Amino acid sequence: MDKNTITGFVLIALVLIGFSVYTQPSAEEKAAMAKQDSIAAVARQNIAENQKKAAVAKQEAAKAKVLADTTALFHDALTGKAENIVLRNNKVELTLSTKGATVEKAVIKGYKSNNTGKDGIILFEGNDQQLNYTFAAKEANIATQDLYFSPTNVTDSTATFTADAGNGKNIVISYTLGKDYMLHTKMQMNGMAGLFAPNTTTMNVDWSDKCKQQEKGYSFENRYATLTYHYTDGGTDQLSETSDKTETIDEKTDWVAFKNQFFSAVMIAKNDFAENAILSSTPQEKGSGYLKQYNAQLKAFFDPTGRTPTELDFYYGPNDFRLLQKADAASNFGKDLEMQRLVYLGWPLFRIINRWFTLYVFDFLTQMNINMGLVLILITMLMKLITYPMVKKSYMSSAKMRVLKPKLEEATKQYNKPEDQMQKQQAMMAEYAKYGVSPLSGCLPMLIQMPIWIAMFNFVPNAIQLRGESFLWINDLSTYDPLFEWSNNLWLIGDHLSLTCILFVAAQLLYSWITMRQQQDQMVGQQAEQMKMMKWMMLLMPLMFFFIFNDYSAGLNFYYFVSLFFSAAIMWTLRKTTDDEKLLSILEARYEENKKNPNKMSGLAARMQAMQQQAAEMQRRQQEMNNRKR
């Protein structure tokens with residue numbers, strides 16, 4: 001990697017930092033924006049509350065009218081006492097209420113709760129999650145949330161709920177809990193076809209959830225909590241993780257997921273959800289115990305005659321890639337649900353790395369029942385082993401440039417003026433070509449490592465296997481490991497110092513120092529002098545990572561620390577085991593051979609040399625034109 005490449009990286013980083021600082025609003029602007037956002041939020045909330053109050057008032061009026069008329073539809077079902085029916089297996093425990101006949105509490109077994117300290121994740125309970133089915137009849141809407149259902153056929157895995165409408169009319173909702181995390185639902189109306197318009201084919205599904213904070217780190221978990229949905233034609237999308245967002249989806253969908261970092265509630269429709277679904281996600285305040293307020297207004301298939309039931313499946317479970325791959329078979333709908341997309345593996349290139357390499361290695365190592373910290377170390381070692389031949393080849397290219405440095409200085413000493421830098425570059429490229437050396441190979445380690453680093457950046461935070469796993473001083477690899485904690489948030493730092501983040505930054509500084517030394521040893525003339533100044537700038541860059549990664553999981557920071565430590569160790573070992581005199585003699589022999597059988601420069605190096613020659617020629621012509629004008 002030459003001076004220009006390093007300069008480019010530094011300038012890009014400085015531009016990004018400078019732009020972010022420059023565009024950051026002042027304290028007064030922040031206060032004004034916060035005030036405007038607060039006013040807008042209050043206005044939206046007031047509108048929503050007024051609409052809700054109006055709808056409730058209308059519904060209450062209709063309910064009062066029905067209660068006053070003993071012959072009215074669902075007269076008896078509008079009053080009663082709510083009872084709980086519990087369905088359970090060794091994976092989940094679901095509590096259903098006879099009021100509305102929906103799940104009011106979901107407990108996922110086998111995972112320790114950070115909120116209670118006990119086994120079992122309470123995904124939601126009480127009013128945190130609400131589900132209402134509304135049927136638009138000719139005279140008045142029928143809402144299941146207002147009805148009391150009678151339970152029958154109750155076992156640990158089945159329950160049938162019936163709301164009597166009188167005169168042989170009723171709504172029947174039956175539930176069957178599968179062997180794992182899937183709850184199968186069938187709903188149908190009996191004897192009420194005449195109450196609906198002939199063209200009625202859908203019912204309204206209003207689903208909301210106040211997503212609980214399940215992990216220690218609010219900010220980190222909130223990054224991975226999002227309302228996600230799947231298009232019927234394939235592919236997933238999601239709402240913003242950070243902003244208050246409402247979207248109308250103009251395509252059919254077959255599932256909607258209320259997702260936090262490691263667990264999800266998913267509603268799946270056999271006959272698709274119709275177009276124009278309205279989905280919204282609103283971030284909640286830190287310290288409230290919640291991450292997001294999710295809402296989904298959907299339209300599902302409905303047959304008023306009751307001949308074809310409405311079939312929905314609900315998944316209440318972990319975001320485990322391999323487990324979610326089996327959801328197609330568990331749902332029995334015959335759809336390619338792609339629910340494994342709930343585990344985000346990154347953009348296409350990085351998803352390929354994670355999907356077809358990292359996952360298989362991770363599965364193999366976890367099956368050995370070894371500590372997850374050791375798994376991360378072994379994955380790192382395997383990555384280094386695979387990339388070692390390319391890294392060594394790159395290092396040897398840099399080493400060749402280092403041992404040729406005296407010869408380059410001698411060959412380019414006449415080009416020390418600033419206006420001679422183009423000729424100097426050309427002379428250096430020509431000298432490298434004589435010895436069969438490519439100066440571009442020095443950039444290879446960074447190009448090799450970056451896709452792997454980014455792939456692991458997406459993989460580690462989404463690996464539920466790391467949740468609750470301890471290693472050395474780390475209590476939980478899936479969240480930060482505080483060296484110190486305090487009550488108030490400090491700008492850029494937050495409310496803690498993460499030890500693994502500090503180690504990661506220290507390893508980054510060490511690796512940067514080693515690579516800077518290596519680059520400086522191979523640079524010629526003014527490049528070497530400039531590199532001495534640039535070295536300090538490059539050493540400051542790793543410090544930026546502290547402010548970015550202090551909130552991130554200990555597992556991710558630990559992986560980066562181990563990866564950089566091994567990288568630094570490899571570079572140091574290669575430096576100590578390289579015989580510069582022997583390498584120079586090999587290059588001298590190659591130089592003599594090339595004199596007898598000269599080879600033209602090829603590939604990217606040849607294209608760069610051609611560009612340099614073209615630029616030099618343009619510079620020469622420009623200089624001649626300036627001389628003529630004088």
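The following refers to the structure shown. (Residues numbered from 1 in each chain as written. Predicted model: local features only at pLDDT ≥ 70, side-chain atom pairs only at ≥ 80, totals over all residues. Heavy atoms only, no water.)

Before going further, it helps to spend a moment on the overall build of the protein chain. Of the regular secondary structure elements, the protein chain holds 15 helices and 21 strands. The buried share of the protein chain, reckoned over its 630 residues, is 46%. A separation of at least 24 residues holds for 67% of the contacts in the protein chain among residues at least 6 apart in sequence. Counting only carbon and sulfur atoms, one obtains 56% of the accessible surface of the protein chain, whose full area is about 32100 Å². (Helix = DSSP H or I, 4+ residues; strand = E, 2+ residues; numbered from the N terminus. Buried < 20%, exposed > 50% of the residue type's maximum accessible area, 1.4 Å probe, protein only. Contact = heavy atoms within 4.5 Å. Areas by Shrake-Rupley, 256 points an atom, 1.4 Å probe, with all protein chains shown as cover.)

Let's shift gears to the environment of tryptophan 207. With respect to the element layout, tryptophan 207 can be found in strand E11 (residues 202-212). In sequence terms tryptophan 207 and glutamine 297 are 90 residues apart; their C-alpha atoms lie 6.5 Å from each other. A distance of 2.8 Å separates the side chain of tryptophan 207 from the side chain of glutamine 129, its partner in a polar contact. (Polar contact = N/O pair within 3.5 Å; in protein donor to acceptor, adjacent residues only side chain to side chain.)

For serine 498, the position within the fold is in strand E21 (residues 494-498). Since its relative accessible area comes to 0%, serine 498 is described here as buried.

What follows deals with the pattern of salt bridges. Oppositely charged side chains may form a pair once their charged atoms are brought near each other. In the structure shown here, the tally under the stated rule is 11 salt bridges. Here aspartate 272 ties to lysine 335 by a salt bridge, and the two come within 2.5 Å at their closest N and O atoms. Here the residue aspartate 272 occupies a position in strand E16 (residues 263-273), and lysine 335 occupies one in the loop between helix H5 (327-331) and helix H6 (348-366), the gap between them amounting to 63 residues. You can call lysine 335 buried: its relative accessible area is 15%. (Salt bridge = Lys/Arg side-chain N within 4 Å of Asp/Glu carboxyl O.)

What follows covers the packing of aromatic side chains. A full pass over the atoms with the stated rule returns 30 aromatic pairs. Measuring from centroid to centroid gives 5.4 Å for phenylalanine 471 and phenylalanine 558, while their planes differ by 65°, and the two rings are edge-to-face. Remark: phenylalanine 558 occurs in helix H13 (residues 554-577) and phenylalanine 471 occurs in the loop between helix H10 (444-459) and strand E20 (482-490); sequence separation between them is 87 residues. Side by side, phenylalanine 471 and phenylalanine 558 carry an identical accessibility label, which is buried. Between phenylalanine 504 and tyrosine 560, the aromatic rings sit 5.3 Å apart at their centres with planes inclined by 40°, giving tilted as the arrangement. Of the two residues, phenylalanine 504 sits in helix H11 (residues 499-522) while tyrosine 560 sits in helix H13, which places them 56 residues apart along the sequence. Here tyrosine 560 falls in the buried class, since its relative accessible area comes to 3%. Counting every residue linked through ring pairs, the aromatic cluster contains Phe220, Tyr224, Trp453, Phe457, Phe504, Phe545, Phe549, Tyr552, Tyr559 and Tyr560. Directly above the aromatic system of tyrosine 290 lies the positively charged group of lysine 210, at a separation of 4.8 Å from the ring centroid. (Phe/Tyr/Trp six-rings, centres within 6.5 Å; stacked < 30°, edge-to-face > 60°. Lys NZ or Arg CZ within 6 Å of the ring centre and 35° of its normal.)

Bringing the pairing of E11 into the picture now. Looking at chain direction, strand E5 (residues 129-136) and E11 are connected through six bridges and run antiparallel. Looking at E11, one finds that leucine 131 is bridged to tryptophan 207. Two strands pair when backbone bridges link them, and E11 and strand E18 (residues 290-301) are joined in this way by 11 bridges, in the antiparallel orientation. Pairing of methionine 203 across the sheet is with alanine 300, part of E18. (Pairing = 2+ DSSP bridges.)

Another aspect to go through is the pairing of strand E19 (residues 310-318). Most of E19 is tucked away, with nine of its nine residues classed as buried. Bridge analysis of strand E10 (residues 182-190) against E19 gives six bridges, and the strand direction is antiparallel. Of the residues in E19, the one forming a bridge with methionine 182 is tyrosine 315. Note that E16 and E19 share seven bridges and pair antiparallel. Each bridged residue has a counterpart across the sheet, and for serine 264 the counterpart in E19 is glycine 317.

Our focus in this paragraph is unusual backbone geometry. Even without being a glycine, asparagine 276 presents a positive backbone phi close to 65°. Along the chain, the position of asparagine 276 falls in the loop between E16 and strand E17 (277-283). Among the residues examined, asparagine 276 registers a relative accessible area of 53% and is labelled exposed. Residue glutamate 338 is not a glycine yet carries a positive backbone phi of 55°. For glutamate 338, the position within the fold is in the loop between H5 and H6.

With that out of the way, let us pick up the sheet that holds strand E3 (residues 102-112). Pairing in this open sheet of four strands is antiparallel, and the strands run E1-E2-E3-E4 from one edge to the other. Of all strands in the sheet, those bounded by a partner on one side alone are strand E1 (84-88) and strand E4 (119-125). Each strand axis lies, on average, 20° off the axis of its neighbour in the sheet, ignoring direction. Examined bridge by bridge, E1 and strand E2 (residues 92-97) share five bridges and lie antiparallel to one another. Looking at the pairing, asparagine 84 lines up with serine 97 of E2. (Axes fitted to C-alpha atoms, helices over the stretch in contact; angles between N-to-C directions.)

With that settled, the discussion passes to the environment of alanine 433. Looking at the element boundaries, alanine 433 is found in helix H9 (residues 421-434). Judged by relative accessible area, which is 27%, alanine 433 ranks as partly exposed. For the pair formed by alanine 433 and tyrosine 591, sequence separation is 158 residues and the distance between their alpha carbons is 9.0 Å.

Mapped onto the fold, serine 113 is located in the loop between E3 and E4. Distance from serine 113 to leucine 123, taken between C-alpha atoms, is 10.0 Å for residues 10 residues apart in sequence. Of the polar contacts made by the side chain of serine 113, one reaches the backbone nitrogen of threonine 116; its length is 3.2 Å.

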